[in-house]
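Observations on the model geometry
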Amino acid sequence: LGIGGLVVDITGRKVVFLLLSLIIGGVAFSVFAMGPAFPVLVLMVVFIGGSTNLWHPAAISFLSQLYPTHKGYALSLHVLGASLADSLAPLVAGILIATLAWQGTAALGAIPSFLAALLTAAVLLRSDRPAAPGDRRVAGFRDYLAGLKELVSNKAILSLCLMSGFRNMTVNGLYVFLPLYLADVMRISPIWMGAAMT
C-alpha cells in the first residue's frame, strides 16, 4: 500500500493519517474543479490517488485495533462499502457530469471529503495519541523492514501479490481506456458512459 502503510505502522497515528488523507483528497478535488492547466489536473489526480493510498493502511489498521475479535467482519464491511462505491460511482459521476459539467462534479466531490474530515476530527482525533517508546502496537523501522523481508521470502504471499497485481492492472486499464473509447469512438453521453462503467 505504498508509503502510507510504512508511516502508519511506524508512527501508530491512524486517525491523523485518516484525517490527512481526507483533507488531501478534498483539496485536490477543489483545485481540480477550478479547471487549471492540464499539468495541474494531472498533479491533482496524483494527489487524489495518494489520498486513497494514505487512507487504506490507516483505516485497515484502525478497524483491526477497534475490533480485535471481529477483524474479518469489520474489514469485510469496509471492503463491501468500497466495492459498492466503486460500482455506483461511475453512474453517479455520469449523471452529475451531464448535469453540472465536470468542474461542478469535481467541486461536489470535495464536499464529502471535507465533511468526513470534520467528523473524523470531532469524533476520533482525541483518541489518537502518539506511540510511547516500546508500544507493541507500532513497529520500529528495523522491525518493519524485517517483517517486509519475511513477507517477500514467502512464495504464497508473492504469488497472491502477483495475481492481485494482474487483476489491478486489468481493472485500471479498463478505467483509463474504456471511457476514452466510449467518448471518442462510440460518442455516448456521460450518463450512458457511467452506466457502462458501472
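Scroll up to find the structure.
Now for a look at the structure at hand. (Residues numbered from 1 in each chain as written. Predicted model: local features only at pLDDT ≥ 70, side-chain atom pairs only at ≥ 80, totals over all residues. Heavy atoms only, no water.)

Further remarks concern the overall build of the protein chain. Looking only at helices and strands, one finds seven helices and zero strands in the protein chain. Of the regular secondary structure in the protein chain, the N- to C-terminal order runs α-α-α-α-α-α-α. With the principal axes as the frame, the protein chain shows a C-alpha extent of 60 × 40 × 35 Å. A buried classification covers 24% of the 198 residues belonging to the protein chain. Expressed as a percentage of contacts within the protein chain between residues at least 6 apart in sequence, the contacts between residues at least 24 apart total 70%. A total of about 13,100 Å² of accessible surface is found on the protein chain, and carbon and sulfur atoms cover 73% of it. Computing the positive centroid from 12 side-chain charges and the negative centroid from 7, the protein chain places the two 4 Å apart. (Helix = DSSP H or I, 4+ residues; strand = E, 2+ residues; numbered from the N terminus. Buried < 20%, exposed > 50% of the residue type's maximum accessible area, 1.4 Å probe, protein only. Contact = heavy atoms within 4.5 Å. Areas by Shrake-Rupley, 256 points an atom, 1.4 Å probe, with all protein chains shown as cover. Lys, Arg positive; Asp, Glu negative; His and termini not counted. Charge placed at Lys NZ, Arg CZ, Asp CG, Glu CD.)

Viewed as axis vectors pointing N to C, helix H6 (residues 155-184) and helix H7 (residues 190-197) meet at an angle of 145 degrees, and their least axial separation amounts to 10 Å. As for the relative orientation of H6 and H7, their crossing is right-handed in sense. Where H6 approaches H7, its residues Leu 174, Tyr 175, Leu 178, Pro 179, Leu 182 and Ala 183 are matched on the opposing element by Met 193, Ala 196 and Met 197. Among the residues forming the contact of H6 with H7, the class breakdown is nine nonpolar, no polar and no charged. (Axes fitted to C-alpha atoms, helices over the stretch in contact; angles between N-to-C directions. Left-handed = near helix turned anticlockwise from the far one by under 90°. Nonpolar A, V, L, I, M, F, W, Y, C, P; charged D, E, K, R; others polar.)

All right, on to a nonpolar patch on the surface then. A cluster of nonpolar side chains, Phe 141, Leu 145, Leu 148, Leu 151, Val 152 and Leu 158, forms an exposed patch at the surface whose accessible area comes to about 530 Å². It is helix H5 (residues 141-152) that provides the largest number of residues to the nonpolar patch, a total of five residues. When you line up the elements, Leu 151 lands in helix H5. (Patch = residues over 30% accessible without salt bridge, like charges linked within 9 Å, V, L, I, M, F, W, Y side chains within 5 Å. Salt bridge = Lys/Arg side-chain N within 4 Å of Asp/Glu carboxyl O.)

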